[in-house]
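# Secondary and tertiary structure notes
Given next are the chains, with one letter for each unit.
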Amino acid sequence: MTKTTQNGLYGRDFLLTWEKSHEDLETILSVAEELKRLRDRNISPRCFDSGLAISQFRDNSTRTRFSFASAANLLGMAVQDLDEGKSQIAHGETVRETSAMISFLSDIIGIRDDMFLGAGNAYMREVGAALDEAFADGVLPQRPGIINLQCDIDHPTQSMADLLHLKTVFGSLENLKGKKIAMTWAYSPSYGKPLSVPQGIIGLMTRFGIQVELAFPEGYGLIPEVVELAGKQSQESAGSFHVVNSMEEAFTGADIVYPKSWAPFHVMQQRTELLRKNDHDGLKSLEKECLSNNAHYKNWECTEEHMKLTKEGKALYMHCLPADISGVSCRQGEVAATVFERYRVPLYKQAGFKPYVIAAMMLTNRFEDPASVLGELEGRGAARVF
Amino acid sequence: MTKTTQNGLYGRDFLLTWEKSHEDLETILSVAEELKRLRDRNISPRCFDSGLAISQFRDNSTRTRFSFASAANLLGMAVQDLDEGKSQIAHGETVRETSAMISFLSDIIGIRDDMFLGAGNAYMREVGAALDEAFADGVLPQRPGIINLQCDIDHPTQSMADLLHLKTVFGSLENLKGKKIAMTWAYSPSYGKPLSVPQGIIGLMTRFGIQVELAFPEGYGLIPEVVELAGKQSQESAGSFHVVNSMEEAFTGADIVYPKSWAPFHVMQQRTELLRKNDHDGLKSLEKECLSNNAHYKNWECTEEHMKLTKEGKALYMHCLPADISGVSCRQGEVAATVFERYRVPLYKQAGFKPYVIAAMMLTNRFEDPASVLGELEGRGAARVF
Amino acid sequence: MTKTTQNGLYGRDFLLTWEKSHEDLETILSVAEELKRLRDRNISPRCFDSGLAISQFRDNSTRTRFSFASAANLLGMAVQDLDEGKSQIAHGETVRETSAMISFLSDIIGIRDDMFLGAGNAYMREVGAALDEAFADGVLPQRPGIINLQCDIDHPTQSMADLLHLKTVFGSLENLKGKKIAMTWAYSPSYGKPLSVPQGIIGLMTRFGIQVELAFPEGYGLIPEVVELAGKQSQESAGSFHVVNSMEEAFTGADIVYPKSWAPFHVMQQRTELLRKNDHDGLKSLEKECLSNNAHYKNWECTEEHMKLTKEGKALYMHCLPADISGVSCRQGEVAATVFERYRVPLYKQAGFKPYVIAAMMLTNRFEDPASVLGELEGRGAARVF
């Protein structure tokens, strides 16, 4: 999982943030910021006269789909969607062949594959290996870059947009050092939410000297390797990383809170088995069992009382959206309506960084010297809108 | 319904023609004509280097979908479709959030929502309010413009294309003064056709000094407020507006006839209730009742005999297409095959104005001075095709 | 079927290769090669500032869909998909009207319609006639060109990509003279594969002085008119054409082998009848019967033993992909895994010509003098990627 075959940005897939160097991550953030600055000044950052960005969503998506489409369009690429049909999971020869077939004139491939534990990120690497081979064989004139639009392990476009939001709110990455973020489980009346967001957050934030506290009810753990990695990284960055089983403990003194539901790791493992077997009865009874388990933890809600525990009662509330808002989108859920409403504008701004983060991943994948490209784009000064 | 919060064109949504001034409507027509002229001379009117036009079709569409895509492409925008799944109707928080999430880099949003009486236009305004708020909050760098691609009340891209067709056929808007148009109900073997076309026609044509006659069998009335508005407008424009219950009376001496089926207002109200409740049995029995009611009015067909009643027997026949053509697309329907065939070419030309009318709505929404933009585009003289 | 109303390239549909002159086919190949050369040198061959390429897939497709999208994008057109729903077959008035409605601002229409024998190519011509009429009537400002993306009779984008592959491998079209190609049936555990590929191959390759041998088990014949045409063409080109009922005979001494499953002509006729009647039971029993018939010919597999019969045991193995690979994609199929694997790279390269062949068909349809357009594009030297 942590093989760093994809470190670096130029010509490298963006599959896990922890495969990238600290400098690489900073590059993504500053390219994203610069792209936003250009567009806000009506300067077109179009650097493709033509080009194809392929999207493959093996799970539903609205905001990531639009972010990907926006990013591709901003740089001058058209989006072509690869729709395999929702239940069919391609393996082996099919992946190798299809990967080559769709890539003859493609520049970027974005993939969401988050349903099957152990399979999503692996699928992306299988596609990547197929592309490597096809390029080496002279089948492809170039090797398209892959961007992970959410897998079973990480959700890098989300966590990097989250980091850019934090950088913007706190003024700099430097300012994040020593700040405390509570990445906590939260109650939801639905079930089976992927682990990629909390894993992405602890896998990224532990690298910036942040005090990361991961909290969940007993039995709701994440993939052990990612948790271990977070600990190691926090030591290297002079931050800290703790796992606790209390929302209150995590919230206490926090500068940032990220309460979000997920299904326990061991449940996701069972679920993956059942999905593979198409065992609908098994899935139903697992869902029932889980929901009744979840119900024991309805007090894991980001209430006003919980918020009062945070630093001066004013921690920044974060969520990847959509949130389960008590009394709004469900009877009881992840967050109280008043808390959500108070942070609605920052939450939307948080989401607004995603198109630019994706565009930065695309641009750094295709250009060795992104700074000079951005400089030339600014110098050209073509209007985005006439 | 008639709140004129959206009058003006620049930065204003196009939701109902009667929210726009006479001058605004003339601007749309002349921008559409000029865009067509440019393209016909192979001059590219592309004024977006990149940009996103979002389409949301909550009902099926082929011709409006292609018109919207053509218009966006002509101006340089890519289309991104928002597909929510057909039965799910989003309300409240979801609309507010989704509207912001899809709009970070969007310029235009086109919406078709014509299934639920009282809901379609209201939905567009809900999206608009969400966008206003998101822009005011600094969430969006710009406020995308909304174009109504058909709602429960109006179908402005259709009625404006129809008006442009009339302007072209009769030589000028001035020449339309005193002409008589018969907007009449017609028999169809299908059921539940929306009210937006006849409402759009009476809501628009009564503003140009035209003698508008609305005809339908007793019980097949339109939304009362729109009918009232049509009457008021006809007085202001020195035209006239009459409602009659006879196709013959409406056709007599008409310069233009627009025979088209629709479901009665009160049926659409019931249907909306049943759709909301997912009452399939109720919907079936309503359909059965309606179809048997319709069957009493099979003589409401645009036959050669009816056409002979019109001005010199040569009224211009109009339809938004597709029409129910007797002996062609159904056993008996809205229009006789020989009448339809005689007017097929003008009908197709009528439809051909829609892409340009939509492009004009897009352009006037984004540019304060469309005339100077068009002048610059002509001056630049870039070839659309090399 | 062989009416040559579409000979020539400029302004002519590309529906059957045998409607085109030898010179026309050579033009397609060289334009495709030149487009590839330009793109490989990062010179953008974009010749549309805006424009629409409509795709209509009446059967599933991944590689042709991506090839079409890539080709359109490379030249500067956006793709708009016409999705009629899979089972509905439009005829008559609907085709005439829809063809006009989608074409007001369209440049190219690509159609796949290969399910119904006697219907697919006919449908394309029906669309073409509707476009001719709409253009003549002044409904359309231009007549969009139609490209056959596979029909019941021919698969010209495939066969032309195959020919370009052969030209590349053997060095020139001249070098293909006297070479032997074995277009043979092969066993597959699936059923109902279209006839368009073998027909396309014999209909094209017989024009280049090639020794074409068509082989299939008794009863697995193709459309008789195409077979007859192949014979006639082979005489004119000083090649040869033979039909045999032995894979071994066809392979013996062959320079090129193209083993590929298809359903017998008479079965496709029955299947078409049953599909039209929506006779699901009939289709099932036909499938059962066919599969049990197929099972008699499991030895029609492209094995290593079969390959040894070919010229020095080194014939070029070709396939349109995806192939049924024994032990990989099925238990037993069209080709042995070791044979397929040995030719995987050339097979992928073969497929890689398709986007360029389609782009060449688009370009030659819209430009009278493609060579000068390509020259100007090269002279302009705009970078495809900044």
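### Digging into the overall build of chain A
- Per the secondary structure count, chain A includes 15 helices and nine strands.
- When its C-alpha atoms are laid out on the principal axes, chain A stretches across 55 × 50 × 40 Å.
- Taken over 386 residues, chain A has a buried fraction of 57%.

### Overview of the interface of chain B and chain A
- Contact residues are listed per partner, giving 22 residues for chain B and 28 residues for chain A.
- Breaking the side of chain B that touches chain A down by element, the ones donating at least two residues are strand S2 (78-81) and helix H3 (93-101) of chain B.
- Sorting elements by how many residues they give to the side of chain B that touches chain A places H3 of chain B first, with five residues.
- Split by residue class, the side of chain B that touches chain A holds 13 nonpolar, four polar and five charged.

### Some details on the relation of the copies chain B and chain A
- Overlay of chain B on chain A (RMSD 0.0 Å): rotation 120 degrees, translation along the axis 0.0 Å. The relationship between the two copies is best expressed as a three-fold rotation axis. Ranked by how close their C-alpha atoms come to the rotation axis, the residues of chain B are headed by Ala 78 of chain B, at 4.4 Å.
- Taken together, the interface assignments show that only 5% of the residues at the interface of chain B recur at the interface of chain A, consistent with different surfaces on the two copies.

### Details of the sheet that holds strand S6 (residues 211-215) of chain A
Residue and element names in this part refer to chain A.
- Pairing in this open sheet of five strands is parallel, and the strands run S7-S6-S5-S8-S9 from one edge to the other. Each edge of the open sheet carries a strand with a single partner, namely strand S7 (240-244) and strand S9 (316-317).
- Along the sheet, helix H6 (residues 196-205) makes contact with strand S5 (180-185), S6, S7 and strand S8 (256-260), crossing S5 at roughly 160 degrees.

### Focus on the sheet that holds strand S4 (residues 145-151) of chain B
All names here are of chain B.
- One open sheet accounts for four strands, arranged S2-S1-S3-S4; its pairing is parallel. The two strands at the open ends of the sheet, each matched to only one other strand, are S2 and S4. Pairwise comparison of adjacent strand axes, ignoring direction, gives a mean angle of 20 degrees for this sheet.
- On top of the sheet, helix H14 (residues 354-366) reaches strand S3 (106-113) and S4; it is set at about 150 degrees to S4, its chief contact.

### A word on the relation of the copies chain C and chain B
- Least-squares fitting of chain C to chain B yields an RMSD of 0.0 Å, with the superposition described by an axial translation of 0.0 Å and a rotation of 120 degrees.
- Different-surface contact between copies: only 5% of interface residues of chain C are shared with the interface of chain B.

### Describing unusual backbone geometry
Residues and elements named next belong to chain A.
- Cis geometry marks the peptide bond from Leu 321 to Pro 322, where omega comes out at -5 degrees.
- Relative to the assigned elements, Pro 322 resides in the loop between S9 and helix H12 (337-342).
- In this structure, Glu 312 is a non-glycine residue whose phi angle is positive, near 55 degrees.
- With respect to the element layout, Glu 312 can be found in the loop between helix H11 (304-308) and S9.

### Here we look at the pairing of strand S8 (residues 256-260) of chain B
All names here are of chain B.
- Summarising burial for S8: five of the five residues are buried, a large majority.
- Neither face of S8 is exposed, since Ile 256, Tyr 258 and Lys 260 on one face and Val 257 and Pro 259 on the opposite face are all buried.
- Across five bridges, strand S5 (residues 180-185) lies against S8 in parallel orientation. Looking across to S8, one finds that Trp 185 is bridged to Lys 260.
- Bridge count for S8 against strand S9 (residues 316-317) is two bridges, and the pairing is parallel. Bridge assignment links Ile 256 to a residue of S9, and that residue is Leu 316.

### Focus: the confidence of the model for chain A
- In the predicted model, chain A carries a mean pLDDT of 94, and the fraction of residues at 70 or more is 96%.
- Across the whole predicted complex the pTM is 0.96, and at the interface the ipTM reaches 0.94.

### Concerning the packing of H6 of chain A against helix H7 (residues 224-236) of chain A
All names here are of chain A.
- One can describe the packing of H6 onto H7 by two numbers: an axis separation of 8 Å at closest approach and a directional angle of 25 degrees. With respect to their mutual orientation, H6 and H7 come out roughly parallel. The chirality of how H6 crosses H7 is left-handed. Across from Gln 199, Ile 202 and Gly 203 in H6, the residues of H7 making contact are Val 226, Leu 229 and Ala 230.
- Residues belonging to the contact of H6 with H7 are distributed by class as follows: four nonpolar, two polar and no charged.

### Topic: helix H4 (residues 120-136) of chain A
- The end-to-end C-alpha distance of H4 of chain A is 24 Å, a good match for the 24 Å that 17 residues give at a rise of 1.5 Å each.
- Where H4 of chain A is buried, its residues meet helix H3 (93-101), strand S3 (106-113) and strand S4 (145-151) of chain A together with helix H13 (344-352) of chain C.

### Some words on the domain arrangement of chain A
Residues and elements named next belong to chain A.
- For chain A, the assigned domains read domain 1 (17-154 + 354-380) and domain 2 (158-350).
- Taken together, the contact between domain 1 and domain 2 spans 19 residues of the former and 21 residues of the latter.
- Counting only elements with at least two residues in the side of domain 1 that touches domain 2, the list comes to helix H1 (22-40), S4 and helix H14 (354-366).
- With four residues, the single largest contributor to the side of domain 1 that touches domain 2 is H1.
- Across the side of domain 1 that touches domain 2, the residue classes break down as ten nonpolar, four polar and five charged.

### Examining the environment of Gly 375 of chain A
- Along the polypeptide, Gly 375 of chain A turns up in helix H15 (residues 370-380).
- As a C-alpha pair, Gly 375 of chain A and Pro 45 of chain A span 330 residues in sequence and 10.0 Å in three-dimensional space.

### Quick word on the interface of chain C and chain B
- On the chain B side, the residues contacting the 22 residues of chain C number 28 residues.
- At the level of secondary structure, the elements contributing two or more residues to the side of chain C that touches chain B comprise strand S2 (78-81) and helix H3 (93-101) of chain C.
- Looking at which element gives the most residues to the side of chain C that touches chain B, the answer is H3 of chain C, with five residues.

### Topic: the environment of Gln 270 of chain C
Residue and element names in this part refer to chain C.
- Within the secondary structure, Gln 270 is located in helix H9 (residues 265-277).
- In this structure Gln 270 comes out as partly exposed when scored by C-beta crowding, with 17 C-beta atoms within 10 Å.
- For the pair formed by Gln 270 and Tyr 220, sequence separation is 50 residues and the distance between their alpha carbons is 14 Å.

### What about the environment of Glu 236 of chain B?
- Here Glu 236 of chain B is to be found in helix H7 (residues 224-236).
- Glu 236 of chain B sits 59 residues away from Lys 177 of chain B along the chain, and the two C-alpha atoms are 13 Å apart.

### Topic: helix H2 (residues 63-75) of chain B
Residues and elements named next belong to chain B.
- Helix length check: H2, at 13 residues, gives a terminal C-alpha distance of 18 Å against a target of 18 Å (1.5 Å per residue), a fit within 8%.
- Among the 13 residues that make up H2, 13 are buried, leaving the element largely enclosed by the rest of the structure.
- At the exit of H2 stands Gly 76, carrying a positive phi of roughly 105 degrees.

Definitions and cut-offs
- Residues numbered from 1 in each chain as written.
- Chains lettered and ligands numbered in written order.
- Predicted model: local features only at pLDDT ≥ 70, side-chain atom pairs only at ≥ 80, totals over all residues.
- Helix = DSSP H or I, 4+ residues; strand = E, 2+ residues; numbered from the N terminus.
- Buried ≥ 20, exposed ≤ 12 C-beta atoms within 10 Å, placed from the backbone.
- Contact = placed C-beta atoms within 7 Å.
- Nonpolar A, V, L, I, M, F, W, Y, C, P; charged D, E, K, R; others polar.
- Least-squares fit on C-alpha atoms with pLDDT ≥ 70 in both.
- Pairing = 2+ DSSP bridges.
- Axes fitted to C-alpha atoms, helices over the stretch in contact; angles between N-to-C directions.
- pLDDT = per-residue confidence, 0-100.
- Parallel < 35°, antiparallel > 145°, perpendicular 65-115°, else oblique.
- Left-handed = near helix turned anticlockwise from the far one by under 90°.
- Expected span 1.5 Å × (residues − 1).
- Domains from an automatic or database assignment.

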